[in-house]
Amino acid sequence: MKIVTRALALLALYLGVVLFAGLFWDRQLLLVGLYVAMSALALWAWGSREVVAIFVAGFFLGPAGETVAVRLGAWEYASASGPVPIWLPLAWGLTSIFLLKLSHTLTPAARRGDRT
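Residues numbered from 1 in each chain as written. Predicted model: local features only at pLDDT ≥ 70, side-chain atom pairs only at ≥ 80, totals over all residues. Heavy atoms only, no water.

Enquirer: Could you give me a rundown of helix α1 (residues 2-24), with the residues and numbers involved?
Expert: If you check α1, its first and last C-alpha atoms are 33 Å apart, about what 23 residues at 1.5 Å a residue would give, namely 33 Å. Every buried residue belonging to α1 is among I3, A7, L10, L13, G16, V17, A21 and F24, and all of these are buried. (Helix = DSSP H or I, 4+ residues; strand = E, 2+ residues; numbered from the N terminus. Expected span 1.5 Å × (residues − 1). Buried < 20%, exposed > 50% of the residue type's maximum accessible area, 1.4 Å probe, protein only.)

So this is what it looks like as structure tokens:
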């Protein structure tokens, strides 16, 4: 049960990232501010070297891949001042933390065969 509770709490982080992007994509400075606050809170709460490393990797590599896709014509962003919006690196960093923490939460359960 503890695993489910923790997974649901982590899902709230991810849903916040997605919901904020959907609601505030056209108000980029507000979205950056929200993501900076969320990033600061996540890094303060879970600021191990591993979490910082995954945040930085997501911050740079996620938008780098999207930039390539945008430049090649796969899609485009409606309100971007460049190939990708200014808030996108923070969204990728936060999502990377979510995936790391979720994998840590679910991996022990998988090893035990616990399906809760």
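Enquirer: Which residues make up the nonpolar core, and what are the values?
Expert: A general tendency of soluble globular proteins is for nonpolar side chains to be buried together. With 23 residues, the main nonpolar core has V17, Y35, M38, W87 and L94 as its most contacted residues. Those elements that place two or more of their residues in this core are α1, α2 (28-46), α3 (49-71) and α4 (88-112). When residues of this core are assigned to their parent elements, the largest contribution, 8 residues, is made by α4. If we skip the residues at most four places from it in the chain, M38 touches L13, G16, V17, F20 and L94. (Core = buried A, V, L, I, M, F, W, Y, C linked by side-chain atoms within 4.5 Å. Contact = heavy atoms within 4.5 Å.)

Enquirer: Kindly report on the packing of aromatic side chains, identifying the contributing residues and their values.
Expert: Per the counting criterion, the structure on display carries 5 aromatic pairs. Geometrically, the ring pair formed by Y14 and F98 is stacked, given 5.0 Å between the ring centres and 20° between the ring planes. Here F98 lies in helix α4 and Y14 lies in helix α1, a separation of 84 residues in the sequence. Overall, Y14 belongs to the partly exposed group, its relative accessible area being 30%. Ring centres of F55 and F59 lie 6.1 Å apart, and the angle between their planes is 35°; on these two criteria the pair is classed as tilted. With F55 and F59 both in helix α3 and 4 residues apart, this pair spans about one turn of that helix. The buried category is assigned to F55, whose relative accessible area is 10%. The structure contains a cluster of three or more aromatic residues connected by ring pairs, namely F55, F59 and F60. (Phe/Tyr/Trp six-rings, centres within 6.5 Å; stacked < 30°, edge-to-face > 60°.)

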